Amino acid sequence: MSYENSIKAFEKACSLMPGGVNSPARAFGAVGGCPVFFERGEGAYLYDIDGNKYIDFVGSWGPMILGHCHPAVVEALQKAIHKGTSFGAPTVAENELCELVIDAMPSVEMVRLVNSGTEATSSAIRLARGYTGRDKIVKFAGCYHGHVDSLLVSAGSAAATFSVPNSPGVTAGTVQDTIILQYNDVQGVEDAFKAQGDKIAGVILEPVVGNMGCVLPTPEFRKTLRDLTHKYGTVLIYDEVMTGFRVSYGGAQAYFGDDPDLTTMGKVIGGGLPVGAYGGKKEIMKCVIPSGPVFQAGTLSGNPLATAAGIATLSTLKKENPYPRLEQLGQRLLDGLTAVFKEKGIATQYARAGAMMTFFFNDAPVTDWTHAAKSDTKQFARYFHQMLDRGVYMPCSQFEAFFLSAAHTEADIDAAIEAAK
Ligand code: KE4
């Protein structure tokens, strides 16, 4: 494949933006080479500015579960744009999107729309602190919750790729109330609560991790978190920015049958437009301004274009229920890739929850960041570039999940397996 125009565009981009990108996750930092510049997407496919076509397994890092340019989303945006792009005042569309979210997410009784996953998580931890009057927040190594200062410690996603667990600019004071534990470490959680449970405002976790690669929680880990947060009056926050409407229509909490106190969302609920949300028990959400004292605000929160795309996306998912088929296609891909690398004598593992999954170059199951970090990232980079050159666009880091959309076909899956050979 020729990437000539992407290379030229990237050179220009590097003179304009830090690292030539507007988000480090897309900079190819973990795999080397030049990021691909895309012209357009259609269904399960992306087309770059050199005329190359790719089967897309990134889906904009999760939002594009219907595929690119889904007719329902395009039509909704075309209608909305002629009425105006933003009023900074309430619209009925916000009621509609919030109703869809509340109906879908079992634990969510009330919701506030924001503009990104980071806004959602930063607001949720502020709310947990405001509601409990406590300071400490527990997070887990390898989980990424956006670039929230107090959570940029042992983060996953691009922070892991760029090994920037404690980003410069994040002060010691900001992270002094952040307790870092290991994912799936039941004893570690028990010890932390025994030592200072009455000081812990909230526990935030990815209920299925995507940001150290896909890692599933053990049932005991989830139960321990719920039991101890109930016992100590701590707010349990499921960060479903990635898992919401992805692992199932009701997110990971519906997938597992869990009942967190707060849930953060993003990605799919905007259908590719900037939308985040946080929601949960009414008793807690009523503490958010202006019904309560916990401050949070946003000029474009719930804007008409983003809500139009979100409503069209969630309504289509609700009507078409692509999830069973996504489970099958996802397992077909992982089984196929496993067989290819077994043939090559390369050790691999995988983890999947619904339509999000990761293929690890690792000889042991990945249950937490310590295990994930032992993955063979050089082997991953070789696999990534081979797939890219053969028209398969995978996430450019071992520490990311990849995603299927309702637009993918069995032929796409089989082509991806072929490309790995
Ligand atoms: P945003 O602020 O990027 O909308 O959401 C932050 C966020 C919060 N919580 C979880 C579980 C997330 O996965 C994310 C963002 N995910 C990354 C991909 N791993 C977004 C890609 C990027 O940063 O460019």
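Residues numbered from 1 in each chain as written. Predicted model: local features only at pLDDT ≥ 70, side-chain atom pairs only at ≥ 80, totals over all residues. Heavy atoms only, no water.

**Some remarks on the packing of aromatic side chains**
Note the cut-off: The rule is short: rings of Phe, Tyr and Trp, with Trp giving its six-membered ring, pair when the centres are within 6.5 Å, and they are stacked under 30 degrees, edge-to-face over 60, tilted in between. Labels follow the DSSP assignment, with helices taken as runs of H or I lasting at least four residues and strands as runs of E lasting at least two, numbered in each case from the N terminus. Any residue under 20% of the maximum accessible area for its type is buried, any over 50% is exposed, and the rest in between are partly exposed; the area is computed with a 1.4 Å probe on protein chains only. Consider the ring centre and the ring normal. A charge sits over the ring if Lys NZ or Arg CZ is within 6 Å of that centre and within 35 degrees of that normal.
Counted by the stated rule, this structure contains 21 aromatic pairs. With 5.8 Å between their ring centres and 70 degrees between their planes, Phe341 and Tyr383 make a pair best called edge-to-face. Of the two residues, Phe341 sits in helix α12 (residues 323-343) while Tyr383 sits in helix α14 (residues 377-389), which places them 42 residues apart along the sequence. With respect to class, Phe341 is no different from Tyr383; both count as buried. Seen from their ring centres, Trp369 and Phe399 are 4.8 Å apart, and the 65 degrees between their planes marks the pair as edge-to-face. Residue Trp369 is found in helix α13 (residues 369-372), and its partner Phe399 is found in the loop between β13 (392-393) and β14 (402-403); the two are separated by 30 residues along the sequence. Directly above the ring of Tyr45 sits Lys53, whose terminal nitrogen or CZ lies 4.2 Å from the centroid.

**Concerning the sheet that holds strand β12 (residues 356-360)**
Defined as follows: Should DSSP find at least two bridges between two strands, the strands are regarded as paired.
The strand order across the open sheet formed by three strands is β11-β12-β14, and the pairing between neighbours is antiparallel. The sheet is open, and its two borders are formed by β11 (349-353) and β14, each paired with just one other strand.

**Describing the sheet that holds strand β3 (residues 53-56)**
Within a sheet, each strand pairs with its neighbour through backbone hydrogen bonds, oriented either parallel or antiparallel. Overall, mixed pairing links the four strands, which are arranged β1-β2-β3-β13 in an open sheet. Here the strands that pair on one side only, and so sit at the sheet edges, are β1 (38-42) and β13. One ladder, built from four bridges, connects β1 with strand β2 (residues 45-48); its direction is antiparallel. Bridging across to β2, Phe38 finds its partner in Asp48.

**Observations regarding unusual backbone geometry**
What you tend to see is this: most non-glycine residues have negative phi, and most peptide bonds are trans. Residue Pro290 is bonded to the preceding Ile289 through a cis peptide linkage, with omega at 5 degrees. Mapped onto the secondary structure, Pro290 falls in the loop between α10 (282-285) and α11 (304-320). Positive phi, close to 65 degrees, is recorded for Phe28, a residue that is not glycine. For Phe28, a relative accessible area of 2% corresponds to the buried category. Located in the positive-phi region is Trp61, a residue other than glycine, with phi close to 70 degrees. Of note, Trp61 is situated in the loop between β3 and α2 (71-81). Trp61 gets classed as buried once you look at its relative accessible area, which sits at 15%.

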